Amino acid sequence: MSLSRLLERLLQLIPVLLGVSAIAFLMMALTPGDPVQIMIGDQSITPEQEAELRRGLGLDRPLLERFFIFLGNALQFDFGTSFYHRRPVSDVIAERLPATIELSLVALIVALVTAIPLGVLAAIRKNSILDRLATVGSLLGVSLPGFWFGILLIMLFAVHLQILPVSGRIGYSSEVSTITGFLLFDTLLHGDLPAFGDALRHILLPAITLGLPMTAILMRVTRTSMLEVLRQDYVTFADAKGLPRRRVLFRHALKNALIPTVSVAAIETGSLLGGNMIVEAVFGWPGLGRLVVESIFLRNYPLVQAAVLLYAVTYVLLNFIADILYTVLNPRVKL
Amino acid sequence: MNALPRLLLATALATCSVLMPAAVSAEDLIVGFTLDADTLDPANHRKRETETVIRNIYDGLLTRDPDMRVVPEIAESMVQVSPTVYDFKIRSGIKFHDGTDMTAEDVKFSLDRVTVEGAMGDGQTSPRQGLMGPVASVEIVDGDTVRITLKEPWPILPAMLPNQQIVSKAFVEANGTAGMATMSNGTGPFKLGEWRKGDAIILQRFDDYYGGAPDIAPVGAACVDRVIFKIIPESASRVAALLAGDVHIINELPTFSIAQVKANAGTDVMTVNGTRSFFLAMNMQGEVFDDLKVRQAAAHAIDKDLIIDRILDGTAARIEGILSPDAFGSSELPAVSYDPEKAKALLAEAGYPDGISITMDTEGAFKDTAEAIASMLTNAGIRTTVAIGESAQLTEKWRTAGKPKSGDMYFSSWGNGSLDPFDIFTPTHKTNDRGNSAGYANPALDKLLDDAAVEMDTGKRAEMYREAELMINADQPYVYLWVPQDIYGVSKKLSGWKPSADSRINLHDACIN
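Here goes a summary of the coordinates provided. (Residues numbered from 1 in each chain as written. Chains lettered and ligands numbered in written order. Predicted model: local features only at pLDDT ≥ 70, side-chain atom pairs only at ≥ 80, totals over all residues. Heavy atoms only, no water.)

1. Some points on the pairing of strand E16 (residues 382-389) of chain B
Here is the key point about a regular strand: its side chains alternate between the two faces of the sheet. Residue and element names in this part refer to chain B. Under the convention used in this document: Two strands make a pair as long as DSSP finds a minimum of two bridges between them. By the criteria applied, helices consist of DSSP H or I runs no shorter than four residues and strands consist of E runs no shorter than two, each listed in order from the N terminus. If you view a crossover with the strands going away from you and the path from the first strand over the helix to the second runs clockwise, you call it right-handed.
The sheet contact formed by strand E15 (residues 356-363) and E16 spans eight bridges and is parallel. From the neighbouring strand, Asp361 faces E16, where its bridge partner is Ala387. Traced from E15 through helix H11 (residues 367-379) to E16, the parallel crossover comes out right-handed.

In structure tokens:
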């Protein structure tokens, strides 16, 4: 892909982001529910005190004025002050983001390392017991709701077997000073192996829960595309040449079969962010998803707007990466 | 053995050793808690859970004992000089966590920060200003006495003061509002160790603690070295953490988990009477519930005892008026009997021999109970459909402060943390007040509530609220249902801790054996 093409794609981001900002702002502003009333809750308050509270949150201004203030500030990466945390939204989000990214990445790795071998095996041994088990398994994987599967894992591994913790990111005897914010990485950088193990024990169950639907999807994609590739003439030719079966499968077939898997994986990574909201709540994972859900219910406008914008940017970028990967893996396709 | 299996074996062994659980230090008391604190600034927050955390770090002038009585904490004594003037003598020898002495100056500064417009810092007004009512000024009258003067009598000032904590003037001036959000310097039993946002708040014992309220034994430094608020929002996971022994206290134990927690060898259930009254608001501005007979029919249709017994697992107290049995001014009231036949007869008298069809709004969390209520109403001729809405949206629909409402019936509740009627009676029953979801308007009651709010003679005041309760008991703008208990799951290793109905989870006296 040429550099100018790349730049053009990046420039396309600008209208998308403007559109998303407008939608995020309007969706929040037009949703029924008054942030001030929610904040006051069950309390007697004078109209003057209520007006003062409204003024403090900047909600006394007309909608249009608020929108332009939001847009103007957002362009300077100022997303306002969280109604409840009373600190800049960007600070609050930055504290939570590494946990979410770390969990998503580990879930992605879990999905890739289980889905690809299983998908390939199922394709090679089509219609065998293994293939059928994998098919049923993947159907279950897509269908099992995360909140239920997560609780099931907790009951088994944390309550009955007591080998893994119920929730959290790391135990309280471990103290890790932040370098990157990714605990698995930071503990290794500090050379603190026990803390690394502790962090690993904490992330296992949430990552498996989060990665399960993706594993199922990727396995199906890999199996189907592997089957298709195995029917291709060049594979038959390679077999006819007398190449060892292993070499045919892994050198010739798999490389092409993985093209759809990789692009689906990149796009599905975006949906990991969405799935995070539930998994984070179940496992008490201190990530962004949980914060956003809480903020939506409290009509914490600034935080929700900034988070939606962040999700949108991530999703767009992941799609962009998927496109690039596709052209790299498959030189016949041009952007 | 070739290289690959050997490598795999080595990795597996290494993983096993790394995955062994790390040793837990013995003295940590861990609370599985629903929500993280939003901020640690006592003047700059608006959530009950945030206050729960803050009150282990900061103390107030007054506090409440486990039986909800207001007792002195940082104040040594309180004297009411006149209906609008209160004097607080400040205890000496209290230290902040940074080692500096706390003075009357800090008390004045803390209260000004909440009550004076623009005084919180950066020209902002505290979002907690409304909780302090009509405070006119806070002055130091001699070295160690702080005087609060009100614009008008407000008898619930002592009941509201436990919600305000004392900060260090010097610390706030040095760190600003922004610093106060994430740092702390209180006089409470614990100081902030580490705040892992969204995950846990780790507090350490403050060894120079003055001891806390003398009326709440034991007095002295906290029992445990560290307490940790571990954030687990999902209730099933919170219960699992308790059963697994990961935590020692969990809040908001769901009623359906009570049996499981009791059956488990190492855990138990503790309850305390709550402060939130549940009711059905009937839209008196609507077409059917403007008739007293229809409202009475609804009240007779519901078997409260059955719902309390079967759905709430016995963890609620039934009410016949708005006040909780523990609230000031509450009294024995005429009970509305469960009598579906009488309900049908009342409907017929009101001109609805074939019954009526209505919709009941409620939040998702109360769906089970709402369905049970709906089936009882339907059984008595009030065919009820339950409509689940989101809290924010229902608030806008039902708390209209006098503006016309569109619904029929609203299954909801109102909290009364101060346990004073002023906080619950006035907003839910005064004409056009913000919580008056029934759209009830009774000038005689309005006057009575206004007078009671400023009546200084407690005996007379209690009598006025009884009169008000009898009025609403007769007019039935709401079907008054019950006050649920707050339910906690606790480890049997825990001792010295009692749940409290106000926002506090007071960990000062809690020990782990």
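Let's pick the thread back up.
2. Details of the environment of His252(A)
Residue and element names in this part refer to chain A. Convention followed: Contacts are assigned to residue pairs that have any heavy atoms within 4.5 Å of one another.
As for its placement among the helices and strands, His252 is situated in helix H12 (residues 245-282). Distance from His252 to Tyr234, taken between C-alpha atoms, is 8.5 Å for residues 18 residues apart in sequence. Once residues within four sequence positions are removed from consideration, His252 is found in contact with Tyr234, Ala238, Leu243 and Arg247.

3. Looking at the interface of chain B and chain A
Put simply, the test is: Accessible area, probed at 1.4 Å, shrinks when two parts are joined; the buried area is that loss added up over both. The term salt bridge refers to a pairing of a side-chain nitrogen on Lys or Arg with a carboxyl oxygen on Asp or Glu at a separation within 4 Å. Each polar contact in these results corresponds to two N or O atoms within 3.5 Å; when the atoms are within protein, one needs to be able to donate a hydrogen and the other to accept it, and residues that are neighboring in sequence are counted only if both atoms are side-chain atoms.
The interface is formed by 62 residues belonging to chain B together with 56 residues belonging to chain A. Buried area between chain B and chain A, summed over both chains or domains, comes out near 4800 Å², and the portion from carbon and sulfur atoms is 52%. Put simply, chain B and chain A have four salt bridges between them. Between Arg399(B) and Asp42(A) there is a salt bridge, and its shortest N-O distance comes to 3.1 Å. For the interface between chain B and chain A, the tally reads 21 residue pairs in polar contact (both at pLDDT 80 or more).

4. Focus: the side chain of Gln37(A)
The topology assignment puts Gln37(A) in helix H3 (residues 35-40). When near neighbours in sequence (up to four residues on either side) are disregarded, Gln37(A) contacts Glu50(A), Thr395(B) and Arg434(B).

5. Some remarks on the sheet that holds strand E7 (residues 145-150) of chain B
Residues and elements named next belong to chain B. To keep it simple, the criterion reads: Whenever a helix is involved, its axis is fitted only over the stretch in contact; in every case the axis is a line through C-alpha atoms, and angles between N-to-C directions fall within 0 to 180 degrees.
Taken together, four strands build an open sheet; the order of strands is E4-E5-E7-E6 and the sheet is antiparallel. Pairing within the sheet leaves two strands with one partner each, and these edge strands are strand E4 (75-82) and strand E6 (135-142). Ignoring strand direction, the axes of neighbouring strands in this sheet form an average angle of 20°. One ladder, built from six bridges, connects E6 with E7; its direction is antiparallel. Residue pairing across strands places Val135 opposite Leu150, the latter belonging to E7. Of the strands in this sheet, strand E5 (85-90), E6 and E7 touch helix H3 (residues 104-115), which is tilted by about 175° from E6.

6. Here's the deal with H3(B)
Residue and element names in this part refer to chain B. Selection criterion: Working rule for helices: expected span equals 1.5 Å times residues minus one. Only protein chains enter the accessibility calculation, which uses a 1.4 Å probe; a residue is then buried when its area is under 20% of its type maximum, exposed when over 50%, and partly exposed in between.
Under the 1.5 Å per step criterion, the end-to-end length of H3 is 16 Å for 12 residues, consistent within 8% with the ideal 16 Å. Taken across its 12 residues, H3 has 11 buried, putting it largely inside the fold. The complete set of buried residues in H3 reads Ala104, Asp106, Val107, Lys108, Phe109, Ser110, Leu111, Asp112, Arg113, Val114 and Thr115. Buried positions along H3 lie against E5, E6, E7 and helix H5 (169-182).

7. Focus on the environment of Ala343(B)
Residues and elements named next belong to chain B. Along the polypeptide, Ala343 turns up in helix H10 (residues 340-349). Remark: the alpha-carbon pair of Ala343 and Ile302, spanning 41 residues in sequence, is separated by 9.5 Å. If near-sequence neighbours (up to four positions away) are discounted, Ala343 is found in contact with Ala297, His300, Ala301 and Ala380.

8. Section: the side chain of Asn56(B)
All names here are of chain B. Checked against the element boundaries, Asn56 lands in helix H2 (residues 48-57). Classification of Asn56 by relative accessible area gives buried; the value is 0%. What Asn56 contacts, discounting residues up to four positions off in sequence, is Gly188, Pro189, Phe190, Leu203, Phe229, Ile505, Asn506, Leu507 and His508.

9. Let's talk about the nonpolar core
Applied cut-off: To form a nonpolar core, buried Ala, Val, Leu, Ile, Met, Phe, Trp, Tyr and Cys residues must be joined to one another through side-chain atoms within 4.5 Å.
With 97 residues, the main nonpolar core has Leu61(B) and Leu507(B) as its most contacted residues. Setting aside its immediate chain neighbours within four residues, Leu61(B) contacts Pro72(B), Glu73(B), Ile74(B), Ala75(B), Phe88(B), Ile90(B), Val107(B), Leu111(B), Leu161(B), Gln164(B) and Ile166(B). Counting residues in hydrophobic clusters, the runner-up holds 56 residues, among them Ile203(A), Ala207(A), Val279(A) and Ile202(B).

Interpretation note: all reported values are geometric properties and have no functional meaning in isolation.
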